Amino acid sequence: MIQRIQSLYLLVVTALMAVTLFAPLAWFAADGEEFRLYAFSLQTLEGESIQPTVYMGLLLLASCLLPLLTIFLYRRRMLQIRLCVVEMVLLLGAVAMEVIYYFLSVRAFSDQTLHAQGFKPSIALPIVCLFFMYLAVRAIFRDELMVRAADRIR
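Residues numbered from 1 in each chain as written. Predicted model: local features only at pLDDT ≥ 70, side-chain atom pairs only at ≥ 80, totals over all residues. Heavy atoms only, no water.

### A word on the sheet that holds strand 2 (residues 33-37)
The strand order across the open sheet built from five strands is 4-3-2-1-5, with neighbouring strands paired in antiparallel fashion. The open sheet has two free edges, formed respectively by strand 4 (49-52) and strand 5 (116-119), since each of these has just one partner strand. This sheet shows a mean twist of 15 degrees between the axes of neighbouring strands, independent of strand direction. Pairing of strand 2 with strand 3 (residues 41-44) involves three bridges; the strand directions are antiparallel. Paired with L37 across the strands is L42, a residue of strand 3. (Pairing = 2+ DSSP bridges. Helix = DSSP H or I, 4+ residues; strand = E, 2+ residues; numbered from the N terminus. Axes fitted to C-alpha atoms, helices over the stretch in contact; angles between N-to-C directions.)

### Looking at the environment of Q51
You can see Q51 is positioned in strand 4. The exposure class of Q51 is buried, given its relative accessible area of 18%. Separated by 36 residues in sequence, Q51 and A15 have C-alpha atoms that sit 26 Å apart. Filtering out sequence-adjacent residues up to four positions away, Q51 remains in contact with S41, L42, Y101, L104 and S105. (Buried < 20%, exposed > 50% of the residue type's maximum accessible area, 1.4 Å probe, protein only. Contact = heavy atoms within 4.5 Å.)

### Observations regarding the state of the cysteines
Counting across every chain of the model gives zero disulfides. As a non-bridged cysteine, C64 has C129 as the owner of its nearest cysteine sulfur, 9.0 Å distant. Given the relative accessible area of 9%, C64 is considered buried. Relative accessible area serves as the criterion here: at 0%, C129 is assigned to the buried category. (Disulfide = S-S within 2.5 Å.)

### Quick word on the environment of F109
Summarising the element assignment, F109 is placed in helix 3 (residues 77-109). Here the alpha-carbon distance between F109 and A29, two residues 80 residues apart in the chain, equals 8.3 Å. When sequence neighbours within four positions are dropped, the list of residues in contact with F109 reads F28, A30, F35, L42 and H115.

### Looking at the nonpolar core
The biggest cluster of nonpolar side chains holds 38 residues, and the ones touching the most others in it are M17, F28, M56 and L60. When contributions to this core are tallied by element, the ones reaching two or more residues are helix 1 (5-22), strand 1 (26-30), strand 2, helix 2 (54-71), helix 3 and helix 4 (125-153). Here this core takes eleven residues from helix 3, the largest share from any one element. Leaving out residues up to four positions away in the same chain, L60 has contacts with M17, T20, L21, A39, A94 and E98. (Core = buried A, V, L, I, M, F, W, Y, C linked by side-chain atoms within 4.5 Å.)

### Remarks on a negative patch on the surface
On the surface, a cluster of negative charge is contributed by D31, E33, E46, E48 and D111. Looking at where E48 falls in the secondary structure, it is placed in the loop between strand 3 and strand 4. Judged by its relative accessible area of 52%, E48 falls in the exposed class. (Patch = residues over 30% accessible without salt bridge, like charges linked within 9 Å, V, L, I, M, F, W, Y side chains within 5 Å. Areas by Shrake-Rupley, 256 points an atom, 1.4 Å probe, with all protein chains shown as cover. Salt bridge = Lys/Arg side-chain N within 4 Å of Asp/Glu carboxyl O. Lys, Arg positive; Asp, Glu negative; His and termini not counted. Charge placed at Lys NZ, Arg CZ, Asp CG, Glu CD.)

### Quick look at helix 2
Compared with an ideal rise of 1.5 Å per residue, which puts 18 residues at 26 Å, helix 2 spans 27 Å between its outermost C-alpha atoms and is within 8% of the ideal. When we look at burial in helix 2, the residues that qualify are M56, G57, L59, L60, S63, C64, L66, P67, T70 and I71. For helix 2, the elements touching its buried residues are helix 1, strand 2 and helix 3. (Expected span 1.5 Å × (residues − 1).)

In structure tokens, the structure reads:
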């Protein structure tokens, strides 16, 4: 199970999505205060929630747990491939939700003076995870072809 390369790819996706879940995604500065966008809310530096982003947080949580579940389905490779495709769709949705909540947060601070904003590196991790999911699908499909070839020989 762990010795397969696709399991390592899926573990990397799980780890990167866990980082995305807990790390700040973006920052905003307005009127001398700094705010950070997290998976579940837009917060001040003190931790006070300004705007909830629960939908993005739930999507990122599902994107974190699905690859972990997929690792343990190593005997059912076609189901693994389907779940990887579902994960890729979830990752695309997570990217879309990050963009939506980023621009909603920008709108919340647009009327204040001295407004500045920026991205944190963790906002790009779902795009990196898309690449690793593609590699995992290729490796799982290669295993499936190998098993079918071995069944044909018997």
